[in-house]
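One-letter residues, chain by chain:
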Amino acid sequence: ASCGVCDNAFGLDGRCSKMSRNHCPNRTVLGILNKDGTFAEYLTLPISNLHLVPDDMSDEIAVFSEPLAAACRIVEQGLVRYQGTHPDKVAILGDGKLGL
């Protein structure tokens with residue numbers, strides 16, 4: 001079993017199946033870890049990273065897909081509690097990658 005990043009358990013004695021895909025020793029992160037980013041002369045991505053933008057969705061709306069996915073991932077990882085009587089409060093600082 002693996003974390004889902006690859007099919008190799010790396011000889012980790014079953015630990016690979018228990019770790020998050022964020023901690024896989026074989027993971028890549030576009031432009032950050034073991035994978036050239038979009039300023040590279042050539043770029044390859046797994047087909048699973050590509051998502052069709054519907055024809056009726058403007059580019060101005062579609063560009064927010066990645067920041068929204070990143071925010072959802074934070075919740076998915078359990079880093080922020082959003083349910084219950086006392087949800088975590090968060091502050092968003094700066095304009096980020098999109099220069100909002």
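Residues numbered from 1 in each chain as written. Predicted model: local features only at pLDDT ≥ 70, side-chain atom pairs only at ≥ 80, totals over all residues. Heavy atoms only, no water.

Caption draft 1: Looking closely at the overall build of the protein. The helix and strand tally for the protein stands at 2 helices and 0 strands. Within the span of the protein, comprising 100 residues, buried residues form 8% of the whole. Taken as a whole, the protein presents about 8800 Å² of accessible surface, with 56% of it coming from carbon and sulfur. (Helix = DSSP H or I, 4+ residues; strand = E, 2+ residues; numbered from the N terminus. Buried < 20%, exposed > 50% of the residue type's maximum accessible area, 1.4 Å probe, protein only. Areas by Shrake-Rupley, 256 points an atom, 1.4 Å probe, with all protein chains shown as cover.)

Caption draft 2: Representation of unusual backbone geometry in the model. In the Ramachandran plot, N34 falls in the positive-phi region, its phi being about 60° despite a non-glycine side chain. Turning to its location among the elements, N34 is positioned in the segment before helix 1 (59–62).

Caption draft 3: Looking closely at helix 2 (residues 65–76). Along its 12 residues, helix 2 runs 16 Å from first to last C-alpha, staying within 8% of the 16 Å computed at 1.5 Å per residue. With its phi angle positive at about 80°, G78 sits one or two positions after the end of helix 2. (Expected span 1.5 Å × (residues − 1).)

Caption draft 4: The arrangement of the environment of V63 in detail. Among the secondary structure elements, V63 is positioned in the loop between helix 1 and helix 2. Judged by its relative accessible area of 39%, V63 falls in the partly exposed class.

Caption draft 5: Representation of the environment of G31. Relative to the helices and strands, G31 resides in the segment before helix 1. Of the residues examined, G31 reaches a relative accessible area of 47% and is grouped as partly exposed. Taking C-alpha positions, G31 is 9.9 Å from L43, a pair spaced 12 residues apart along the chain. The residues touching G31, leaving out its near neighbours within four places in the chain, are D36 and G37. (Contact = heavy atoms within 4.5 Å.)

Caption draft 6: Examining a nonpolar patch on the surface more closely. Taken together, the side chains of L30, L43, L45, I47 and L50 define a hydrophobic patch exposed on the protein surface, amounting to about 460 Å² of accessible area. Within the secondary structure, L30 sits in the segment before helix 1. Its relative accessible area of 37% is what places L30 among the partly exposed residues. (Patch = residues over 30% accessible without salt bridge, like charges linked within 9 Å, V, L, I, M, F, W, Y side chains within 5 Å. Salt bridge = Lys/Arg side-chain N within 4 Å of Asp/Glu carboxyl O.)

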